[in-house]
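# Coordinates in review
What follows is each chain in one-letter form.
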Protein chains: 2
Amino acid sequence: VSAFLAGGLPQSLGVLSGTGPHGRGLARRFALAGHDVRLGSRDAVRAAMVAERLMARVGHVGRSTAGSLSGVGNDEAAQCDVVIIAAAWEGCDEVLSPLTGQLHGKVVVSCVNPLGFDATGAHRLPTDAPSAAEHVAALLPDCRVVGAFHHLSASLLLDPAASLAGSEVLVCGDRYEAKAIVRRLCHSLTGRVGIDAGRLEMARHIEAFTAVLISINKQYGVQSGVAFPQVPALRAIEATGPMAFGELPDLHSTSESA
Amino acid sequence: VSAFLAGGLPQSLGVLSGTGPHGRGLARRFALAGHDVRLGSRDAVRAAMVAERLMARVGHVGRSTAGSLSGVGNDEAAQCDVVIIAAAWEGCDEVLSPLTGQLHGKVVVSCVNPLGFDATGAHRLPTDAPSAAEHVAALLPDCRVVGAFHHLSASLLLDPAASLAGSEVLVCGDRYEAKAIVRRLCHSLTGRVGIDAGRLEMARHIEAFTAVLISINKQYGVQSGVAFPQVPALRAIEATGPMAFGELPDLHSTSESA
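Report follows, based on the coordinates. If you're wondering where the values come from, they're calculated on a predicted model, not measured in any experiment. (Residues numbered from 1 in each chain as written. Chains lettered and ligands numbered in written order. Predicted model: local features only at pLDDT ≥ 70, side-chain atom pairs only at ≥ 80, totals over all residues. Heavy atoms only, no water.)

## Comments concerning the sheet that holds strand E10 (residues 195–198) of chain B
Residues and elements named next belong to chain B. Quick note on the threshold: Between any two strands, at least two bridges found by DSSP are needed for them to pair. The numbering of helices and of strands both runs from the N terminus, where a helix is a DSSP run of H or I of at least 4 residues and a strand a run of E of at least 2. Here an axis means a line fitted to C-alpha atoms, over the contact stretch when the element is a helix, while the angle between two N-to-C directions is reported on a 0 to 180 degree scale.
Taken together, the eight strands give an open sheet; going across it, the order is E3-E2-E1-E4-E5-E8-E9-E10, and neighbouring strands pair in mixed fashion. Edge strands, defined here as strands with exactly one partner in the open sheet, are strand E3 (68–73) and E10. Taken over all neighbouring pairs, the strand axes of this sheet differ in orientation by 30° on average, direction set aside. Two elements, strand E8 (residues 144–147) and strand E9 (residues 170–173), share two bridges in a ladder whose sense is antiparallel.

Structural data, given as structure tokens:
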């Protein structure tokens, strides 16, 4: 973990249930930024096809340090240093339950938005859990769960012409060091470290706000993210501290993520 | 109403329960922008004192078209063309119940954030109503209720050195024309018409997101609003239409607000 805080990045990124638009978009952007990404699915053959199609489109785009993108089973994606769960809300339990052992101690990122759609637009689904991220944390008590990437739309992530330079990523979590790893990862997408939005329970409002963002984007015919004009664009991980929100340091950080 | 849509502004703005920080901040900014503002309180004497103090600070700041700011009882503030309810969540019922008759047919703006604070920061209060704005709409079925101004912090509004130029105001509501009036009012604060965020139920997520904004602002020591980089800064009211979200036109717009 200390290597990440000193500026290192995880060697590999897994995207569980990554064949949907949001997962594909994140996988594509992270691969473009130089990461080694394993896009997972319950169906490894389907994942391989999706990854191949994405890479054909990604090409090498003039980068000498291009990352890689491969399609694998979810169990193999779960072996990566950092694991992003990109399942639909309804699929979270089924995807994560068989992987609890493998994911032990890892940084797991939830970008799950529990949203439904009807004629009037997006709305927050009724759920027993207060947020998808907290539900993931309850399913994976031995993991360091972080919420992030909710406000980067799939179409924005998948559009080769779209820049994420104006959009911010809000990162929330109860483990300061795990959050710092993910905040640093955000730099690969937007050119800025993610904004520390506080404790994991903030995911309740970050997730639901995605419905507002979808509504605005539909109304104005744009694909906008969210920005915070007064938050400094150049911000160090070190600008915030582990105890700012009563968060815990990583007690069980393991060699898997070193 | 048509006068507003053609570019006019309401002649007078009432701020119910306006002696708190958020109400004072909105009253101050609207008076500075040239509006005639009546800041209301259950205690008219207290309202007059608060208004006098605010105006002493506002001064004339070089404007030839300065508005006015007077402190009055809530019942008098409720007679204005547009009425903003700036009560704490707990006070909404008590403030609005005696005014239902007077407020009939009016545009009523809820900027109420049902938030509580503890050692870890702001959190959404448990409430029976899905949002404060929807609760206000249920209390005032004969009014055209709009949600707005949630993300402009009191300290930002009250700071003479602070500009709102980078911040956006999200406006939600089920009555398109009432929403258009409030969106136009936003121009007085930020220099841009408010962003149409969709139906009134979006207030659920807009209100709760204020907790995230408070968390971010505390963490970075700033007073930031929210912005949407891809939404055009120059946007006309006419860019959106009444049926975009299945909204209703104003069926009972009255001469009070003409």
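On we go.
## Quick look at the interface of chain A and chain B
Here is the rule: Contacts: residue pairs with any heavy atoms within 4.5 Å of one another. We define buried area as the total accessible area lost by two parts upon association, computed with a 1.4 Å probe and summed across both. Note on definitions: salt bridges are taken to be side-chain nitrogens of Lys or Arg within 4 Å of carboxyl oxygens of Asp or Glu. The definition of a polar contact used here is a pair of N or O atoms within 3.5 Å, where within protein one atom must be able to donate a hydrogen and the other to accept one, and adjacent residues in sequence count solely through side-chain atom pairs.
At the interface, 44 residues of chain A touch 43 residues of chain B. Roughly 3,500 Å² of surface becomes buried between chain A and chain B when both sides are summed, with 67% attributable to carbon and sulfur atoms. It is His205(A), Gln219(A) and Tyr220(A) that lose the most area in chain A upon contact with chain B, and together they represent 19% of the buried surface on that side. At the surface where chain A touches chain B, the tally comes to zero salt bridges. If you look at where chain A meets chain B, you find 11 residue pairs in polar contact (both at pLDDT 80 or more). Looking at the side of chain A that touches chain B, the elements that each hand over two or more residues are strand E7 (121–124), strand E10 (195–198) and helix H9 (203–220) of chain A.

## Observations concerning the relation of the copies chain A and chain B
Between the two chain copies there is a screw-like relation: a rotation about an axis and a shift along it. Heads up, the condition is: For the least-squares superposition of copies, only C-alpha atoms count, and only for residues with pLDDT at least 70 in both.
With an RMSD of 0.0 Å, chain A superimposes on chain B once it is rotated by 180° and translated 0.0 Å along the axis. One copy is carried onto the other by what is essentially a two-fold rotation axis. For chain A, the smallest separation between a C-alpha atom and the rotation axis is recorded for Ala227(A), amounting to 2.4 Å. The residues that chain A uses at the interface reappear at the interface of chain B in 98% of cases, marking a shared surface.

## Some remarks on the pairing of strand E1 (residues 12–16) of chain A
Residues and elements named next belong to chain A. Selection criterion: Per-residue accessibility, obtained with a 1.4 Å probe over protein chains only, is compared with the maximum for each type, and a residue is labelled buried under 20%, exposed over 50%, and partly exposed between these values. Orient the strands so they point away from the viewer; a crossover is then right-handed if the path from the first strand over the helix to the second runs clockwise.
Taking burial as the measure, the five residues of E1 include five buried ones, the bulk of the element. Alternating residues of E1 divide into Ser12, Gly14 and Leu16 and Leu13 and Val15, and every residue in both groups is buried. Across four bridges, the pairing between E1 and strand E2 (residues 36–41) is parallel. When the sheet's bridge partners are listed, Val15 is paired in E2 with Leu39. Crossover connection from E1 via helix H2 (residues 21–32) to parallel E2: handedness right-handed.

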